[in-house]
Amino acid sequence: MAKSKGDYFGLGRLISIILAIIPITSWALGFITRFSEGKIVAGILRIILGWNIIWILDLILMILSGRILRIIPI
């Protein structure tokens, strides 16, 4: 069985969860991930709004599904 990759640059799920727990790394990796996917507007929103409820939702979703929150698909 293949290992599932986390949302932060294909890192393992446990490492991604640990990084998501720390607010600064979650914020930074969240917008870097969105920019690397080519989602400029979503990346800018993460820079502006990443310190509040988005961090908590990212943490919950990372634990449950291994993926960060996708606010907008553009």
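Up top is the structure.
Residues numbered from 1 in each chain as written. Predicted model: local features only at pLDDT ≥ 70, side-chain atom pairs only at ≥ 80, totals over all residues. Heavy atoms only, no water.

Novice: In this structure, what is going on with the environment of Gly66? I would like to understand it.
Specialist: Tracing the chain through its elements places Gly66 in the segment after helix H4 (53-65). The spatial distance from the C-alpha of Gly66 to the C-alpha of Ser16 is 7.6 Å, given a sequence separation of 50 residues. (Helix = DSSP H or I, 4+ residues; strand = E, 2+ residues; numbered from the N terminus.)

Novice: Teacher, can you tell me more about the side chain of Arg46 here?
Specialist: As for its position among the elements, Arg46 is in helix H3 (residues 40-49). A relative accessible area of 3% means that Arg46 is categorised as buried. Beyond its immediate chain neighbours, meaning those up to four positions away, Arg46 contacts Trp27, Gly30, Phe31, Arg34, Ile54, Asp58, Ile68 and Leu69. (Buried < 20%, exposed > 50% of the residue type's maximum accessible area, 1.4 Å probe, protein only. Contact = heavy atoms within 4.5 Å.)

Novice: Looking at this structure, how should I read a nonpolar patch on the surface?
Specialist: A cluster of nonpolar side chains, contributed by Phe35, Ile40, Ile44, Ile47, Ile48 and Leu49, occupies part of the molecular surface with about 500 Å² of accessible area. At five residues, the largest contribution of residues to the nonpolar patch is made by H3. Its location among the elements puts Phe35 in helix H2 (residues 23-36). (Patch = residues over 30% accessible without salt bridge, like charges linked within 9 Å, V, L, I, M, F, W, Y side chains within 5 Å. Areas by Shrake-Rupley, 256 points an atom, 1.4 Å probe, with all protein chains shown as cover. Salt bridge = Lys/Arg side-chain N within 4 Å of Asp/Glu carboxyl O.)

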